[in-house]
Amino acid sequence: MNRTTHERLLGITAVLIAAVLWGTTGTAATFAPDVSAVAIGAVAMGGGGMMQAALFARGIHRHADLLRAQWKHLLLGAVAVAIYPLAFYASMRLAGVTIGTVVSIGSAPLLSALIEYHLDGLRLTRRWMAGAGLGIAGMVLLCLAEGSGHVPIGTASAVIPGVLLGLLAGLTYALYSWTARRLMQRGIAPRAAMGATFGLGGLMLMPVLMVTGASLLDSWENATVGLYMALVPMFLGYLCFGHGLARIPASTATTITLFEPVVAAGLAVIIVGERLPGLGWAGIVLILACLVCISSPVQVTKQQPKCSVPNRSVSGSG
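So, here's what we can say about the structure.

Okay, the overall build of the protein chain next. In terms of regular secondary structure, the protein chain is built from 14 helices and two strands. Expressed as a percentage of the 318 residues in the protein chain, the buried residues total 52%. Long-range pairs, those at least 24 residues apart, make up 91% of the contacts in the protein chain with a sequence separation of at least 6. With an accessible surface of roughly 14200 Å², the protein chain has 68% of that area assigned to carbon and sulfur atoms.

Okay, structure coming up:
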């Protein structure tokens, strides 16, 4: 096994671990039903982001000049980090855990691919597109299965707003994944890039947490859920995700995280007691097929300039 393949496998494994940890968030949130979706999102991403910034403070300081030079990418990523959890958890609260997760995570690979295509000039291979197609088809089946089985009481009329918020979550997820990888490609260490992006995003979420987070202190159960969200899926999960982003393209990483709804659906069946129809299991099989497909070696090539004009970055701010 050559070094490139080894690094790629490490990246895929790290992102898969992140997807598993993130898949626990929907079930964990059900143990604090009195805490608003906004408060859950703020404590999860805000707390986790501040932990990353504190842990990697030395690296952030060491790369301060490079971070300042890339302030546009850093700020865009931080704003996306701040918006993502609010949209994601609100989507799950309105449309249900599975549908909210499916739309948020399922839309991210396509949006990420579009971002890379337009801003980086990257063209993904047919293998990646086939794998993404399998994954998205699996997402649709999983969503239909959950929707046809049961929508949480009181949320039937809120499914459409929930889906729209899920699309916003998918866009912001794709954006901060792309900006974090762009920072790494500019010579900033992965931990410093992730720590700065999520630390600044977490700082933006602190006022939201102060306004909405009082219910987290109403009981030990609520506080435990908040602490778990910040420490495990957001802090540890994004450590793994950053490790993976340093080794594989953002579009590949976001496609691999299609495994998150599989974990979320499985935990909903095992812990929450939900039933998953046959259509949902078929969707899970397609998502697993997607992971097998895109985990094979994939060549990502850059579009060639049509004339003899020197190759330039398409981002406009590199």
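From this point, the narrative continues.
Under the defined criterion, the tally for this structure stands at two salt bridges. Close ionic contact of Arg247 with Glu7 constitutes a salt bridge, the shortest N to O distance being 2.8 Å. One end of the pair, Arg247, is in the loop between α11 (220-245) and α12 (250-256); the other, Glu7, is in helix α1 (residues 3-22), with 240 residues separating them in the sequence. In this structure Arg247 comes out as partly exposed when scored by relative accessible area, which is 27%. The salt bridge involving Asp65 is made with Arg68; its shortest N-O contact spans 2.4 Å. Residue Asp65 and its partner Arg68 are located together in helix α5 (residues 64-69), separated by three residues, close to a single helical turn.

Here we take up the packing of α1 against α11. Interhelical geometry of α1 versus α11 gives an angle of 160 degrees and a closest axis separation of 7 Å. In this view, α1 runs roughly antiparallel relative to α11, as classed from their interaxial angle. Where α1 crosses over α11, the two elements pack in a sense that is left-handed. Of the residues in α11, those in contact with Leu10, Gly11, Ala14, Val15, Ile17, Ala18, Leu21 and Trp22 of α1 are Val232, Pro233, Leu236, Gly237, Tyr238, Cys240, Phe241, His243 and Gly244. Residue composition of the contact of α1 with α11, grouped by class: 13 nonpolar, four polar and no charged.

With that settled, consider the environment of Tyr173. By secondary structure assignment, the location of Tyr173 is in helix α9 (residues 159-185). A sequence separation of 66 residues divides Tyr173 from Ser107, and the C-alpha atoms of the two residues are 9.4 Å apart. When residues no more than four places from it in sequence are discounted, the contact partners of Tyr173 are Trp22, Tyr84, Ile105, Ala108, Phe241, Thr254 and Thr257.

Structurally, Ser177 can be placed in helix α9. Sequence-wise, Ser177 and Gly77 are 100 residues apart; in three dimensions their C-alpha atoms are separated by 7.7 Å. Ser177 has contacts with Phe241, Leu245, Ala250 and Thr254, leaving out every residue within four places of it along the chain.

Criteria and thresholds
Residues numbered from 1 in each chain as written. Predicted model: local features only at pLDDT ≥ 70, side-chain atom pairs only at ≥ 80, totals over all residues. Heavy atoms only, no water. Helix = DSSP H or I, 4+ residues; strand = E, 2+ residues; numbered from the N terminus. Buried < 20%, exposed > 50% of the residue type's maximum accessible area, 1.4 Å probe, protein only. Contact = heavy atoms within 4.5 Å. Areas by Shrake-Rupley, 256 points an atom, 1.4 Å probe, with all protein chains shown as cover. Salt bridge = Lys/Arg side-chain N within 4 Å of Asp/Glu carboxyl O. Axes fitted to C-alpha atoms, helices over the stretch in contact; angles between N-to-C directions. Parallel < 35°, antiparallel > 145°, perpendicular 65-115°, else oblique. Left-handed = near helix turned anticlockwise from the far one by under 90°. Nonpolar A, V, L, I, M, F, W, Y, C, P; charged D, E, K, R; others polar.

All quantities given are derived from atomic positions and should not be read as evidence of function.
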